[in-house]
Amino acid sequence: MPHLPKVVTEPSEILQIVRAAQREGKRVGLVPTMGALHQGHLSLVESACESCDITIVTIFVNPTQFAPGEDFEKYTRKLVSGLANVDDVGADIVFAPNTDEIYRQGHSTYVEPPAVSLPLEGKCRPGHFQGVATIVLKLFLMIPADVAFFGRKDYQQTLVIRRMVADLNVPMEIVVCPTVREPDGLAMSSRNAYLSSEERQRSLAIANSLQKAQQLYADGEKSASSVLTEMRRILEKAGIDRIDYVALVDPETLVDREDLTEPTVALIAAYVGATRLIDNQPL
Ligand code: PAF
């Protein structure tokens, strides 16, 4: 029997549910998503269900984190197919508000995201993290759960959210869960569905490039520039030449590393055809 979650669309109703559960001493877990649910999301829900009495999944395609010309419309269409998965998502409650309810007429208040939002995605997608920080804080206020779960695939996003929560004294525990991968290594992403079968094959170069970085690091290579050259070579060999960044950075500050003498995270953002994919690997 599929486990059917209760679907709530009104912020006032979800707040009441959370408060009532917490009055009974229940631990509430929150998994924010933009729909188009895949195994990566389901692993977040599983983690939430394991440690919480009530798990709430939010499904909201947040318009303010997409720049004009990005894939907001395409993403919204994917949401419809994502909703089909909701029946077996395993959550207790799905919160799926309307855009008009979240961004009411005259909405003009936004969160200024922390400094860690500036490099990498911040450079390539100006305004993106302001949209993410704003919606995540709004969700945390609408759903004052005890703990919220995010995937490590969006590495910089997790740093932005952790920093925002610390800086603004938001009473929410943040849990970051490992990236879920396809058997051949491709990181699960809602955007993988946009790939043709030929692009799907070529996209493997992203995971391979990160793996190569990990292997070189493990073998004792200390020069960041040598590792970066090798990473780019693997991407370019697969015809991935529209590269937003290939980076080796400090895991907390995202400042570029020159020498690989300390823990480092490798990150890639690149287009395979028209689809922009991101992935990362702590070394
Ligand atoms: O990671 C995502 O899916 C989104 O950025 C999030 C955190 C749900 C905010 O819209």
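Small disclaimer: the values here were computed from a predicted structure and weren't measured.

The rules we used
Residues numbered from 1 in each chain as written. Predicted model: local features only at pLDDT ≥ 70, side-chain atom pairs only at ≥ 80, totals over all residues. Heavy atoms only, no water. Salt bridge = Lys/Arg side-chain N within 4 Å of Asp/Glu carboxyl O. Helix = DSSP H or I, 4+ residues; strand = E, 2+ residues; numbered from the N terminus. Buried < 20%, exposed > 50% of the residue type's maximum accessible area, 1.4 Å probe, protein only. Axes fitted to C-alpha atoms, helices over the stretch in contact; angles between N-to-C directions. Parallel < 35°, antiparallel > 145°, perpendicular 65-115°, else oblique. Left-handed = near helix turned anticlockwise from the far one by under 90°. Contact = heavy atoms within 4.5 Å. Polar contact = N/O pair within 3.5 Å; in protein donor to acceptor, adjacent residues only side chain to side chain. Phe/Tyr/Trp six-rings, centres within 6.5 Å; stacked < 30°, edge-to-face > 60°. Lys NZ or Arg CZ within 6 Å of the ring centre and 35° of its normal.

Draft legend 1. Representation of the pattern of salt bridges. Under the definition given, this model contains 14 salt bridges. When the shortest N-O distance is used, the salt bridge between Asp167 and Arg163 registers 2.8 Å. Placement of the pair is Asp167 and Arg163 together in helix H7 (residues 155-167), with a separation of 4 residues, close to one helical turn. Its relative accessible area of 43% is what places Arg163 among the partly exposed residues. Ionic pairing is found between Glu230 and Arg233, a salt bridge with its closest N-O pair at 2.9 Å. Highlighted residues: Glu230 and Arg233, both in helix H10 (residues 224-237), separated by 3 residues, approximately one helical turn. Its relative accessible area of 19% is what places Glu230 among the buried residues. In this structure, a network of salt bridges that share partners links the residues Glu121, Asp244 and Arg276.

Draft legend 2. Expanded view of the packing of helix H6 (residues 128-142) against H7. The N-to-C vectors of H6 and H7 enclose an angle of 55°; their axes lie 10 Å apart at closest approach. The angle between the axes of H6 and H7 places the two elements in the oblique class. Considering how the two elements wind past one another, H6 and H7 form a crossing that is right-handed. Between H6, through Phe129, Val132, Ala133, Val136, Leu137 and Phe140, and H7, the contact on the second element is made entirely by Gln156, Gln157, Val160, Ile161, Met164 and Val165.

Draft legend 3. Representation of the side chain of Thr264 within the structure. Its place among the elements puts Thr264 in the loop between strand E7 (242-249) and strand E8 (265-272). Here Arg257 takes part through its side chain, which lies 3.0 Å from a polar atom of the side chain of Thr264. Leaving out residues up to four positions away in the same chain, Thr264 has contacts with Tyr217, Leu248, Val249, Pro251, Arg257, Gln281, Pro282 and Leu283.

Draft legend 4. How the structure looks around the packing of aromatic side chains. All told, the structure shown has 3 aromatic pairs when counted by the stated rule. An angle of 40° between the planes, with centres 6.3 Å apart, marks the rings of Phe60 and Tyr103 as tilted. In this pair, Phe60 is assigned in the loop between strand E3 (54-59) and helix H3 (72-83) and Tyr103 in the loop between helix H4 (99-102) and helix H5 (121-124), connecting sequence segments 43 residues apart. Above the face of the Tyr271 ring, Arg242 is positioned so that its terminal group lies 3.5 Å from the ring centre.

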